Amino acid sequence: MGPEDRKPQTARLFRRMFAYALRHKMRVVMFVYASVGLSIFMSLPLLIVRNYFAVMLNVSGGDYSRLFLLGGLIFCCWMFIGYFEMRREIATQFLSRRSTTDLVNDVAASILRRPFAYFSGTRTGDLISRIMTDTAAADEAVGLGLHLLREPLTIALIVATTVYMNWRLALVAFVGFPLAVYPIAWLGRKIMKASRKARELTADLADTMVQLFSGAKVVKAFRMEDVAIAEFSTTTGNIFHQNMAQARAAALIRPVVQFVNGVGGVAVVVWGGYQVKAGHITVDELLTFIIALIATHKAAWTVSRAYDRMKYMTPGLERLFEMLDGEKAAHQLVASGTKTPQPLSRRISIRDVTFSYGRESVLGGVSADIDAGSVSAFVGPTGGGKTTILDLIAGFYSASGGVITWDDTPVSDYDRGRFLDQIAYAPQQAVLFNISIRENVRKGRPGASDADIEEVCLLAGVHDDIVRFQHGYDTRAGEAGASLSGGQKQRIALARALLKTGASVFLFDEPTSSLDVETELNLWQRVREYLSGKTIVLVAHRLSLVRNADRIYVVSGGTVEASGTHGRLIETSATYANLWRLHGER
Ligand SMILES: Nc1ncnc2c1ncn2[C@@H]1O[C@H](COP(=O)(O)OP(=O)(O)OP(=O)(O)O)[C@@H](O)[C@H]1O
Ligand SMILES: [Mg+2]
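Details of the sheet that holds strand E7 (residues 505-509)
Working step 1: An order of E6-E7-E8-E3-E9-E10 is seen for the six strands of this open sheet, with the pairing classed as mixed. With one partner strand each, in any of the chains shown, strand E6 (423-426) and strand E10 (559-564) form the two edges of the open sheet. Adjacent strand axes in the sheet meet at a mean angle of 15° when their direction is disregarded.
Working step 2: Here five bridges tie strand E9 (residues 551-556) to E10, and the two strands are oriented antiparallel to one another. The partner of Val554 across the bridge, within E10, is Ala562.

Here's the deal with the site of ligand 1
Working step 1: Every residue close to ligand 1 is listed here: Tyr357, Val362, Thr382, Gly383, Gly384, Gly385, Lys386, Thr387, Thr388, Gln428 and His541.
Working step 2: Gly385 has a polar backbone atom sitting 2.9 Å from an oxygen atom of ligand 1.
Working step 3: With respect to ligand 1, the side chain of Thr387 contributes an N or O atom lying 2.6 Å from an oxygen atom.
Working step 4: When ligand 1 is considered free in solution it has 630 Å² of accessible area, and contact with the protein chains removes 61% of it.
Working step 5: Counting residues per element, the shell around ligand 1 draws most heavily on helix H11 (residues 386-393), which supplies three residues.
Working step 6: Along the lines of polarity and charge, the residues of the shell around ligand 1 split into two nonpolar, eight polar and one charged.

Observations regarding the coordination of the magnesium ion (ligand 2)
Working step 1: Taken together, Thr387 (OG1) and Gln428 (OE1) make up the full set of protein donors to the magnesium ion (ligand 2), lying 1.9 to 2.2 Å away. Taken together, the residues span a long stretch of sequence, with Thr387 in helix H11 and Gln428 in the loop between E6 and helix H13 (437-442) at a distance of 41 residues.
Working step 2: On the accessibility criterion, Thr387 (25% relative accessible area) is partly exposed.

As for the packing of helix H6 (residues 167-174) against helix H9 (residues 225-277)
When two helices pack together, their arrangement is captured by the angle between the axes and the distance separating the axes.
Working step 1: Across the interface, H6 lies against H9 with an axial gap of 7 Å and an inter-helix angle of 145°. Two secondary-structure elements touch here, H6 through Arg168, Leu169, Val172 and Ala173 and H9 through Gly264, Ala267, Val268, Trp271 and Gly272.
Working step 2: Partitioning the contact of H6 with H9 into residue classes produces six nonpolar, two polar and one charged.

Details of the packing of aromatic side chains
Working step 1: All chains considered together, the criterion is met by 18 aromatic pairs.
Working step 2: Look at Tyr83 and Phe84: their rings are 5.1 Å apart centre to centre, the planes differ by 65°, and that puts the pair in the edge-to-face class.
Working step 3: On the basis of relative accessible area, Phe84 is assigned to the buried category, the value being 7%.
Working step 4: Taken together, the ring pairs in this structure connect Phe116, Phe355, Tyr357, Phe396, Tyr397 and Tyr425 into an aromatic cluster.
Working step 5: One cation-aromatic arrangement involves Arg114 over Tyr118; the distance from NZ or CZ to the ring centre is 4.6 Å.
Working step 6: Between the NZ or CZ atom of Arg254 and the centre of the ring of Trp301, over which it lies, the distance is 5.7 Å.

Observations regarding the environment of Leu579
Working step 1: For Leu579, the position within the fold is in helix H20 (residues 574-583).
Working step 2: The class for Leu579 is buried, based on a relative accessible area of 16%.
Working step 3: When sequence neighbours within four positions are dropped, the list of residues in contact with Leu579 reads Gly380 and Leu543.

Description of helix H1 (residues 10-21)
Working step 1: Here H1 is 12 residues long and its end C-alpha atoms lie 16 Å apart, about the 16 Å a rise of 1.5 Å per residue gives.
Working step 2: Turning to H1, its buried residues are Thr10, Leu13, Phe14, Met17, Phe18, Tyr20 and Ala21. Axial view of H1: buried residues confined to an arc of 145°, hence all on one face.
Working step 3: Considering only its buried residues, H1 is in contact with helix H2 (25-56), helix H3 (66-112), helix H5 (124-165), helix H7 (181-214) and helix H10 (283-332).

Some details on the pairing of strand E1 (residues 347-356)
Working step 1: By the bridge criterion, eight bridges tie E1 to strand E2 (residues 361-371) in an arrangement that is antiparallel. Looking at the pairing, Ser356 lines up with Ser361 of E2.
Working step 2: Count of turn residues in the E1/E2 antiparallel hairpin: four residues.
Working step 3: Summarising the sheet, E1 and strand E4 (residues 401-406) pair through five bridges and their orientation is antiparallel. The partner of Ile348 across the bridge, within E4, is Trp406.

Things to note about the packing of H3 against H10
Working step 1: Orientation of H3 relative to H10, taken along the N-to-C sense of each, is 40°, at an axis distance of 9 Å. Taken together, the axes of H3 and H10 are oblique relative to one another. Here H3 and H10 pass one another in a crossing that is left-handed. The residues of H10 that touch H3, namely those facing Leu103, Asp106, Val107, Ser110 and Ile111, are Leu320, Phe321, Met323, Leu324 and Glu327.

So, the domain arrangement of the protein chain
Working step 1: Under the domain assignment used here, the protein chain contains domain 1 (10-332), domain 2 (335-422 + 503-516 + 531-586) and domain 3 (429-502).
Working step 2: Its C-alpha centre places domain 1 at a distance of 58 Å from the equivalent point of domain 2.

Conventions used here
- Residues numbered from 1 in each chain as written.
- Chains lettered and ligands numbered in written order.
- Predicted model: local features only at pLDDT ≥ 70, side-chain atom pairs only at ≥ 80, totals over all residues.
- Heavy atoms only, no water.
- Pairing = 2+ DSSP bridges.
- Helix = DSSP H or I, 4+ residues; strand = E, 2+ residues; numbered from the N terminus.
- Axes fitted to C-alpha atoms, helices over the stretch in contact; angles between N-to-C directions.
- Near = heavy atom within 4 Å.
- Polar contact = N/O pair within 3.5 Å; in protein donor to acceptor, adjacent residues only side chain to side chain.
- Areas by Shrake-Rupley, 256 points an atom, 1.4 Å probe, with all protein chains shown as cover.
- Nonpolar A, V, L, I, M, F, W, Y, C, P; charged D, E, K, R; others polar.
- Donors = N, O, S within 2.8 Å, 3.2 Å for Na, K, Ca; no water.
- Buried < 20%, exposed > 50% of the residue type's maximum accessible area, 1.4 Å probe, protein only.
- Contact = heavy atoms within 4.5 Å.
- Phe/Tyr/Trp six-rings, centres within 6.5 Å; stacked < 30°, edge-to-face > 60°.
- Lys NZ or Arg CZ within 6 Å of the ring centre and 35° of its normal.
- Expected span 1.5 Å × (residues − 1).
- Arc of directions from axis to C-beta.
- Parallel < 35°, antiparallel > 145°, perpendicular 65-115°, else oblique.
- Left-handed = near helix turned anticlockwise from the far one by under 90°.
- Domains from an automatic or database assignment.

Okay, here's the thing in structure tokens:
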């Protein structure tokens, strides 16, 4: 479905937004109270003014002493208007901003709670722009919705007053209003369309920026600056054009409203004038009418302004609620049951597992048994599917076919969160957050002591590097770990996984590939002792490392080509023997 043929959903979206506002009952009551008060005190002066004209034009006998009373009443009205306006403004702002804050929190939580599989198919920039720029739309939404509720109230009261005064004149004055409905609705659709396009382009822009800034080194190395700048200004140019299209449509609403107001004005002035001449109505009646008309024109103006802002915001709200609505679908990417896994006591069993990220099959029937307390290794040529197998064991993706069981229960039967408590994972791409190294490691086990942290860092062979930094363990890792070397990052991430002692299965995806052979071997010797009794699954390119594993799986082209111990594989697997020979690590 293209954006053009989507149904206009302004009302539905604003209702949902209002549901957030309605959580704050006291403020809503305050808003209604202030609005009603305001409407009353805005229409009261009309009656007072009418009396004033009556006195001035000598219609009711010329009792000038009443001027003091009328003046006093008008002054009181003004003061009440000021008071109610203040109350209404505070209530409006509270409801607007609180609702937006609540909604954005919900959206962010909804995104963060999604399974990993969701993120691998999503653009970061799009997520950022939804939370940052589309929120700006929501920020005004409740306020505008309230505007649209209360201005019609004002109009209705004024219209009612005029109808009460003289219904024929009222009919003439407001006859033009229905004429404006169609053209304004048409312009509203134009505004929405342009606003939606601008938002999509903004998401593209955010996405490009995330990539360019996080890949600044590559941008420099390949001298992509000029191309990037040109692309940037093309996108901002397109956003500008969409914003102008939106602004033009919004501006066109003004003359339409003005036309309708004009028709009413002319009708009242001319027809009303003749009515006075014919003696059907009095001068004071007509003058009061004209003032009422001016007030409704002002309100109509405000309503039309709020209307175009609402249309402008609709796509923003659409994008935010789309996020909330998408949560269920995202969770279906990876099945989650309710069972609580116990520490692995028998085995993880992978049976005929097939998998594809998109259309192309990545795994074509993988089977493996990982016994509790054993060390298993996955080796093989690059792109063979080793990382994918680890991701499937961790449950980041669901297998397309076959089954993975944890102590004979399919992993999809377990509650995702509690299942992950059993898994410690050091992924191939080490990810660090821009907090201190100490806190990065502590993510492995919140509540771990500094001594525990140093112990695992020592084990991961990164302690000496860390203490050499100026701020030691308090050194910040920099954006995406930018202030550390690739190998340091890997080993800090390894330390973080080692710290997760509550887990029973440890997945390591080449976390020490940057070390020299000897250091690496020593390190793993110590890690194995530290993790004795735990189940270890290791991916490695260097076969010397996996030599002592209980079972080695040779993964190539998405299948397990052979498995067994090192000694057996050397004899039976040509691929393994070949790898062993190529690495020259006899
Ligand atoms: N997120 C992804 N989306 C689409 N395809 C992917 C994704 N991740 C991996 N692939 C593809 O899946 C296949 C297996 O990748 P995988 O990362 O599992 O290989 P690997 O054996 O770990 O390789 P390496 O030794 O280089 O780390 C590759 O052909 C790769 O192109
Ligand atoms: Mg890999």
